[in-house]
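In case you want the letters, here they are:
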Amino acid sequence: MKLIPPIEERLSIQKFSPKPIEPEKLTAVLEAGRRAPSAKNRQPWRFIVVDDEDIRKRVETAAFGQEHVGQAPAIVAACTTNIDYLMPNGQPAYPIDITLAVSFMMIQAQAEGIGSCIITTYDEREVKEILTVPFSMRVVMLLLLGYPAELPFPTTRKPFEQVVSFNHW
Ligand SMILES: Cc1cc2nc3c(=O)[nH]c(=O)nc-3n(C[C@H](O)[C@H](O)[C@H](O)COP(=O)(O)O)c2cc1C
């Protein structure tokens, strides 16, 4: 089976090169996020790009010292602008909306030859303070972007038959 290369080849990068990301590539990644679908097309997101080295290092500290956080030349803090909207199924929309936007960004990044890694291991209160995120908003996740310094070993997945079924659970 052949998937599209950005899905086939993507890995969570743990070591980034200091080589900066070309501005047009970074813009394309952010644009991919902007075009993601969202519940009722509410687009409840704000993407804060952290490319300043001092601020990246502070975010690394808030991410419990994970070195690849400060190493990545760009960190996108994927924030929500609305945490209240519940979908008709009773679930909050914002984690899904933000996750879709970040997924689009990851795939576009990979297609541009740029590595990425989602980060959720951080002290949100600290990250909000560093990035001046309003008190009532959430930093749903961080997306590290940059050229890989080395590729990690590919991870495994549960077998297809274990995770897919037709017509019944
Ligand atoms: C919701 C979520 C949270 C994650 N948090 C972190 C994190 O804090 N630090 C990190 O290095 N990787 C993090 N990852 C990356 C996962 O460890 C990685 O996606 C998983 O091991 C599968 O590997 P792969 O992405 O290379 O296929 C996170 C991924 C997801 C989807």
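Residues numbered from 1 in each chain as written. Predicted model: local features only at pLDDT ≥ 70, side-chain atom pairs only at ≥ 80, totals over all residues. Heavy atoms only, no water.

S.K.: Can you lay out the site of the ligand for me, pointing to particular residues and giving the numbers?
M.R.: Near the ligand you find 13 residues, and of these Arg10, Ser12, His68, Thr121 and Arg157 are the closest. Between Ser12 and the ligand, the recorded distance is 2.5 Å, taken from a side-chain N or O atom to an oxygen atom. Within the side chain of Gln14, an N or O atom sits 3.4 Å from an oxygen atom of the ligand. For the ligand, the accessible surface in isolation is 620 Å², of which the surrounding protein chains cover 63%. Ranked by residues supplied to the shell around the ligand, first place goes to strand β4 (residues 115-119) with three residues. For the shell around the ligand, a count of residues per class yields four nonpolar, seven polar and two charged. (Near = heavy atom within 4 Å. Polar contact = N/O pair within 3.5 Å; in protein donor to acceptor, adjacent residues only side chain to side chain. Areas by Shrake-Rupley, 256 points an atom, 1.4 Å probe, with all protein chains shown as cover. Helix = DSSP H or I, 4+ residues; strand = E, 2+ residues; numbered from the N terminus. Nonpolar A, V, L, I, M, F, W, Y, C, P; charged D, E, K, R; others polar.)

S.K.: Residues and numbers for the state of the cysteines, please.
M.R.: By definition, a disulfide links the sulfur atoms of two cysteines through a covalent bond. In this structure the tally under the stated criterion is zero disulfides. Left without a disulfide partner, Cys79 is nearest to the cysteine sulfur of Cys117, which lies 17 Å away. By relative accessible area, which is 4% here, Cys117 ends up buried. (Disulfide = S-S within 2.5 Å. Buried < 20%, exposed > 50% of the residue type's maximum accessible area, 1.4 Å probe, protein only.)

S.K.: I'd like to hear about the pattern of salt bridges, residue by residue, with values.
M.R.: All chains considered together, the criterion is met by six salt bridges. In this structure, Glu31 and Arg34 form a salt bridge, with 2.8 Å as the shortest nitrogen-oxygen distance. Here Glu31 and its partner Arg34 are both found in helix α2 (residues 23-34), three residues apart, which amounts to about one turn of the helix. A residue is classified by how much of its surface remains accessible, and Glu31, at 23% relative accessible area, is partly exposed. One network of salt bridges, in which partners are shared, links Glu31, Arg34 and Arg35. (Salt bridge = Lys/Arg side-chain N within 4 Å of Asp/Glu carboxyl O.)

S.K.: Break down the sheet that holds β4 for me, with residues and values.
M.R.: Within a sheet, adjacent strands bond to each other through the backbone by hydrogen bonds, running parallel or antiparallel. With antiparallel pairing, four strands are arranged side by side in an open sheet as β2-β3-β5-β4. In this open sheet, the two edge strands, each paired with only one partner strand, are β2 (45-50) and β4. Taking the axes of each pair of neighbouring strands and ignoring which way they run, one obtains an average angle of 20° across the sheet. Two strands pair when backbone bridges link them, and β4 and strand β5 (residues 139-146) are joined in this way by five bridges, in the antiparallel orientation. Residue pairing for β5: Ile119 is matched across the bridge by Leu142. Of the strands in this sheet, β2, β3 (74-80) and β5 touch helix α3 (residues 53-62), which is tilted by about 65° from β3. Contacts between helix α5 (residues 94-111) and the sheet are confined to β2, β3, β4 and β5, with β5 contributing the most and set at about 5° to the helix. (Pairing = 2+ DSSP bridges. Axes fitted to C-alpha atoms, helices over the stretch in contact; angles between N-to-C directions. Contact = heavy atoms within 4.5 Å.)

This is a description of form; function is not addressed.
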